[in-house]
Amino acid sequence: MKKAFYSIVVALILLTSCQPKTDTVPFDKVAAKEDLTKTLDTMYAAFRDRNIKTFLSLMADDGLFCGTSPKDIWDKATYAKLMSAMLADTSLSTGIKVDRREIRFDTDGKSAFVIDQFFFEWNKRIPIRHTVHFIKSGEAWKCDFLSTALIPKDEDFEKIYNAVK
């Protein structure tokens, strides 16, 4: 009986001592925010400069991209075609100045939601909200979800309802 007991104790000691240590280092939220902000700045600069290659390089291959219309839900290939055509139109003003930005990281810092609100240079009446999800891919942030929405003021809703009757 003693031999069985000691054998079990030795087996338990071996099992528990041979487990890999998984010490997780908490991510540096300030550094992650700076890094993600640089990615966002690069994304908007690429849009402004009509640099479609850089713009699309920040998008995940399996991403989902949504526009302002109910039918505007695209995969990356379709989004790339649409964005390429849009940025080829030199009559379109591509300037964006973000008025408000909120960034929320998940607990391990490997993904984040970003809310950016702004006006396009050509539209000063109705603000735009980008809701963007980023994932950390190696050392780079990749956008795997983007939704663009018009966000009129509450007091303008009645005018909008009447305009679309």
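Residues numbered from 1 in each chain as written. Predicted model: local features only at pLDDT ≥ 70, side-chain atom pairs only at ≥ 80, totals over all residues. Heavy atoms only, no water.

Attention shifts here to the nonpolar core. Leu 36, Met 43, Phe 55 and Phe 134 are the most contacted members of the largest nonpolar core, which totals 29 residues. Those elements that place two or more of their residues in this core are α2 (29-48), α3 (52-57), β1 (59-66), α4 (76-88), β3 (96-105), β4 (111-120), β5 (123-137) and β6 (140-150). Among the elements that make up this core, the one with the highest residue count is α2 (7 residues). Not counting the four nearest positions on each side in its chain, Phe 134 is found in contact with Leu 36, Thr 39, Leu 40, Met 43, Lys 110, Ser 111, Ala 112, Val 114, Trp 141, Lys 142, Cys 143 and Asp 144. (Core = buried A, V, L, I, M, F, W, Y, C linked by side-chain atoms within 4.5 Å. Buried < 20%, exposed > 50% of the residue type's maximum accessible area, 1.4 Å probe, protein only. Helix = DSSP H or I, 4+ residues; strand = E, 2+ residues; numbered from the N terminus. Contact = heavy atoms within 4.5 Å.)

Moving on, we get to the sheet that holds β3. Remark on secondary structure: sheet strands pair via backbone hydrogen bonds, oriented parallel or antiparallel. The strand order β2-β1-β6-β5-β4-β3 describes an open sheet built from 6 strands, whose pairing is mixed. Both edges of this open sheet fall to β2 (73-74) and β3, since each of them pairs with a single strand only. As paired elements, β3 and β4 share 9 bridges and run antiparallel to each other. Across the sheet, the residue bridging to Arg 104 is Phe 113, located in β4. Contacts between α2 and the sheet are confined to β1, β3, β4, β5 and β6, with β3 contributing the most and set at about 145 degrees to the helix. Each of β1, β2 and β6 touches α4; the most contacted strand, β1, lies at about 70 degrees to it. (Pairing = 2+ DSSP bridges. Axes fitted to C-alpha atoms, helices over the stretch in contact; angles between N-to-C directions.)

On the surface, Phe 157, Ile 160, Tyr 161 and Val 164 cluster together into a nonpolar patch covering about 390 Å² of accessible area. Turning to its location among the elements, Val 164 is positioned in the segment after α5 (157-163). (Patch = residues over 30% accessible without salt bridge, like charges linked within 9 Å, V, L, I, M, F, W, Y side chains within 5 Å. Areas by Shrake-Rupley, 256 points an atom, 1.4 Å probe, with all protein chains shown as cover. Salt bridge = Lys/Arg side-chain N within 4 Å of Asp/Glu carboxyl O.)

Let us now look at the pairing of β5. Where β4 meets β5, 9 bridges bridge the pair, whose relative direction is antiparallel. Paired with Gln 117 across the bridge in β5 is Arg 129. Hairpin geometry of β4 and β5 is characterised by an intervening segment of 2 residues between the two adjacent antiparallel strands.

Our focus in this paragraph is α4. Along an α-helix, residues three or four positions apart point the same way, because every turn accommodates 3.6 residues. Taking 1.5 Å of rise per residue, the 13 residues of α4 would be expected to cover 18 Å, and the 18 Å separating its terminal C-alpha atoms lies within 8% of that figure. Next to the buried residues of α4 lie α2, α3, β1, β2 and β6. (Expected span 1.5 Å × (residues − 1).)

A separate point is the packing of aromatic side chains. Taken as a whole and judged by the stated rule, the model has 10 aromatic pairs. Ring plane angle 55 degrees and centroid distance 5.5 Å describe the contact between Phe 27 and Phe 105, whose orientation is recorded as tilted. Here Phe 27 is found in the loop between α1 (2-17) and α2, whereas its partner Phe 105 is found in strand β3, with 78 residues between them in sequence. When its relative accessible area of 26% is taken as the criterion, Phe 27 is described as partly exposed. Taking the centre distance of 6.0 Å and the plane angle of 50 degrees together, the rings of Phe 105 and Trp 141 count as tilted. On the criterion of sequence distance, the pair formed by Phe 105 in strand β3 and Trp 141 in strand β6 is long-range, its members being 36 residues apart. Assessed through its relative accessible area of 15%, Phe 105 is described here as buried. Here the aromatic residues Tyr 44, Phe 47, Phe 55, Phe 65, Trp 74, Tyr 79, Phe 118 and Phe 120 are joined through ring pairs into a cluster of three or more. (Phe/Tyr/Trp six-rings, centres within 6.5 Å; stacked < 30°, edge-to-face > 60°.)

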